[in-house]
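# Coordinate analysis (summary)
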Amino acid sequence: MRRMLKVAICAMIMWFGLIELGSFTGDQSNAAKERETVQASEAATAAHYEAKPLLAAHASNETKQQSGKDQPANTEVKPSDSESAEMAEANQKIVYLTFDDGPSKNTEQVLDILKQEGISATFFVLGEHVLGQPEIAKRIIAEGHAIGNHTYDHKYERLYGRFSEFAEQVMKTDKAIYQTTGVRTILFRAPGGTYTNFDQGYFDAMAAAGYQVHDWNVDSGDSKRQGVPASEILTTIKGSKLASKLSVLLHDSAGHTESVKALPAIIKYYKSKGYAFAKITDEVAPIQFKAAGKLKWTRAHVTKTEITKLTQFSEKLSRESSLAQAAKNEPELIVHRGEGKLVLKSGEYSITSGAIEVSLRKLTEWVGGSLLLDVENGLIDAYYDGNRVLSLTSKEIHTSREGQVIVPVRAALQKFEIQITKYVYNDQQREIWLSE
Ligand SMILES: [Zn+2]
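Residues numbered from 1 in each chain as written. Predicted model: local features only at pLDDT ≥ 70, side-chain atom pairs only at ≥ 80, totals over all residues. Heavy atoms only, no water.

## Describing the side chain of T194
For T194, the location among the structural elements is in the loop between β6 (187-188) and α8 (200-208). According to the relative accessible area criterion, T194 is buried, its value standing at 0%. Side chain to side chain, T194 and D215 meet in a polar contact 2.6 Å long. Residues in contact with T194, not counting those within four places in the same chain, are F203, V213, D215 and F289. (Helix = DSSP H or I, 4+ residues; strand = E, 2+ residues; numbered from the N terminus. Buried < 20%, exposed > 50% of the residue type's maximum accessible area, 1.4 Å probe, protein only. Polar contact = N/O pair within 3.5 Å; in protein donor to acceptor, adjacent residues only side chain to side chain. Contact = heavy atoms within 4.5 Å.)

Printed below as a string of structure tokens:
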């Protein structure tokens, strides 16, 4: 009988767990559906961009892009004073190599080359490929590179036909990246670039939701058609205008072996020109194309409801990520009793309204008691020394994120008639000593 009850408790605990976990795993079923559906080149996009430094609000520094047909007329604008000051202060030319549409097998070779050269880069990944190649996505992070969101499937008609579809793909990809790598990224690159794809509504919605949208100012031309040879990629790069900050568009998706081949020479070229290599961070001012006067697409305006949905999602994920980050940095909780020690890692205990909460099962079993489920009355009972010392109704049961039934440690120990004899709680040390 006892054993059956224990099984029932396990089942109940697992059930609580499922409730908790269910909310965040729903989307994965579609994961592997579409592969390698990346469409025509970003390179075909006309490019008229402005740098938008985050720290200084000032006039943009407009430059002309080499490729693309319907370029808007543009003029060179002298950097404003504040930007000049920033440049002088930094006094270091920086190139951000960016790789779009992966991860794929080619990403592994790109990572090998970057490792050999000792440089960092940025990968704007597709959600579907992150789920298809999770190990490579993890490797990007493990080797110190930046990861950004490049939508889920890269299909222009869907993404730019309706903002709601675009936003869905942004959210789905954020989840895929976060669940796979543990990184919550706010870096974003629009498939095809923003020019003639984004209207002001898209820009505003993304900004409201906290994303930083990065276009580029050097197009390697590696995706203007299939199989652009490495030599041509290198020629295009060398023919591109230099500036103090360069964001170079490259591709690491399947079929881009020539980009991999060209990479060592590209790196050598920028080194010879005195550039330092860096990854894009939240502090890097995005290079952004201007909103085009005329879009490639006809679509409805972005609605407030759509913006709110994306914003709420984004804030929730950021909150979740920072809580997880904070928990990681917390010390373990050590409970001493005689020679015995119960060690709970950060995440295995929590603080709620100033009280330390732990798993009821762990605590009870560690002190030598047991848990029983009173199915008839819907209670969880804790027994200690042959007595029922604690009884929780279903309304009183609290569960952790992992679905464990948790209780405030001090209140629970009082029920067991075990005294806390010493208590240390600070940022470095969290220990409790109990009476025997
Ligand atoms: Zn792309």
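Next comes the rest of the description.
## Digging into the packing of helix α7 (residues 163-181) against helix α11 (residues 304-328)
Remark: α7 packs on α11, axes separated minimally by 10 Å, with the N-to-C direction vectors making an angle of 10°. Looking at the two axes, α7 sits roughly parallel to α11. Between α7 and α11, the residues in contact are F163, S164, A167, E168, V170, M171, D174, K175 and Y178 and E306, K309, L310, F313, L317, E320, S321 and A324, respectively. Of the residues that constitute the contact of α7 with α11, the class distribution is 9 nonpolar, 2 polar and 6 charged. (Axes fitted to C-alpha atoms, helices over the stretch in contact; angles between N-to-C directions. Parallel < 35°, antiparallel > 145°, perpendicular 65-115°, else oblique. Nonpolar A, V, L, I, M, F, W, Y, C, P; charged D, E, K, R; others polar.)

## Observations concerning the sheet that holds strand β18 (residues 387-393)
The strands making up a sheet associate through backbone hydrogen bonding, with each pair oriented either parallel or antiparallel. Pairing is antiparallel across the open sheet formed by 3 strands, whose spatial order is β16-β17-β18. Of all strands in the sheet, those bounded by a partner on one side alone are β16 (370-374) and β18. Taking the axes of each pair of neighbouring strands and ignoring which way they run, one obtains an average angle of 25° across the sheet. (Pairing = 2+ DSSP bridges.)

## Describing the confidence of the model for the protein chain
Detailed reading of the predicted coordinates is not advisable wherever pLDDT falls low. Looking at the protein chain as a whole, the pLDDT averages 83, with 79% of positions reaching at least 70. Segment residues 7-41 is flagged for pLDDT under 50; beyond a separation of four residues in sequence, or across chains, it makes 58 contacts in the model. When the criterion is pLDDT under 50, residues 43-84 qualifies, and its contacts beyond four places in sequence or with other chains add up to 96 contacts. (pLDDT = per-residue confidence, 0-100.)

## Quick notes on the packing of aromatic side chains
Inspection of the entire model under this criterion finds 18 aromatic pairs. By way of ring pairs, the aromatic residues Y156, Y160, F163, F166, F188, F198, Y202, F203 and W297 are connected into one cluster. For the cation-ring pair, K422 lies above W433, with the distance from its terminal atom to the ring centre recorded as 4.4 Å. (Phe/Tyr/Trp six-rings, centres within 6.5 Å; stacked < 30°, edge-to-face > 60°. Lys NZ or Arg CZ within 6 Å of the ring centre and 35° of its normal.)

## What about the pattern of salt bridges?
All told, the structure shown has 17 salt bridges when counted by the stated rule. Salt bridges sharing partners connect three or more residues here, namely D112, K115, R139 and E143. (Salt bridge = Lys/Arg side-chain N within 4 Å of Asp/Glu carboxyl O.)

## Topic: the pairing of strand β21 (residues 420-425)
Look at any regular strand and the pattern is simple: side chains alternate between the two faces of the sheet. Looking at chain direction, β21 and strand β22 (residues 430-434) are connected through 5 bridges and run antiparallel. Directly across from I420, in β22, lies its bridge partner L434. From the end of β21 to the start of β22, which pair antiparallel, there are 4 residues.

## Brief notes about a nonpolar patch on the surface
Taken together, the side chains of I351, Y423 and Y425 present a nonpolar region at the surface, about 250 Å² in accessible area. With respect to the helices and strands, the residue I351 is situated in strand β14 (residues 349-352). (Patch = residues over 30% accessible without salt bridge, like charges linked within 9 Å, V, L, I, M, F, W, Y side chains within 5 Å. Areas by Shrake-Rupley, 256 points an atom, 1.4 Å probe, with all protein chains shown as cover.)

## A short note on unusual backbone geometry
Here the amide bond leading from G102 into P103 is cis, since omega sits at -5°, within 30 degrees of zero. In this model, T151 sits at a positive phi of 75°, which is unusual for a non-glycine residue. Among the secondary structure elements, T151 is positioned in the loop between β5 (146-149) and α6 (156-161). Phi is positive for T196, which is not a glycine, with a value near 65°.

## Quick notes on the environment of F203
Mapped onto the secondary structure, F203 falls in helix α8. In sequence terms F203 and A291 are 88 residues apart; their C-alpha atoms lie 8.3 Å from each other. Excluding residues that lie within four positions of it along the chain, F203 makes contacts with T194, F198, Q288, F289 and A291.

## Considering helix α9 (residues 230-238)
Among the residues of α9, A230, I233, L234 and I237 are the ones counted as buried. Burial along α9 is one-sided: seen end-on, the buried residues are contained in an arc of 95°. The exposed residues of α9 that point more than 90 degrees off its buried face are S231 and T235. Tucked into the core, α9 has its buried residues touching β9 (245-251) and α10 (257-272). (Arc of directions from axis to C-beta.)

## Remarks on the pairing of strand β20 (residues 405-408)
Relative to β20, strand β15 (residues 355-359) runs antiparallel, the two sharing 3 bridges. Bridging across to β20, E357 finds its partner in P408. Where strand β19 (residues 398-399) lies against β20, 2 bridges are found, and the strand directions are antiparallel. Bridge pairing in β20 places T399 opposite V405. Hairpin connection of β19 to β20: 5 residues between the antiparallel strands, including G403 at a positive phi of 90°.

## Re the sheet that holds strand β12 (residues 333-337)
Read from one edge of the open sheet, 4 strands run β13-β12-β22-β21, paired in mixed fashion. Two strands lie at the open edges of the sheet, namely β13 (340-344) and β21, each paired on one side alone. Here the average twist between neighbouring strands, direction ignored, is 10°. In terms of strand pairing, β12 meets β22 through 5 bridges, oriented parallel. From the neighbouring strand, V335 faces β22, where its bridge partner is I432.

## Side note on a positive patch on the surface
A cluster of like positive charges, contributed by K93, K238, K268 and K273, occupies part of the molecular surface. Here K268 lies in helix α10. (Lys, Arg positive; Asp, Glu negative; His and termini not counted. Charge placed at Lys NZ, Arg CZ, Asp CG, Glu CD.)

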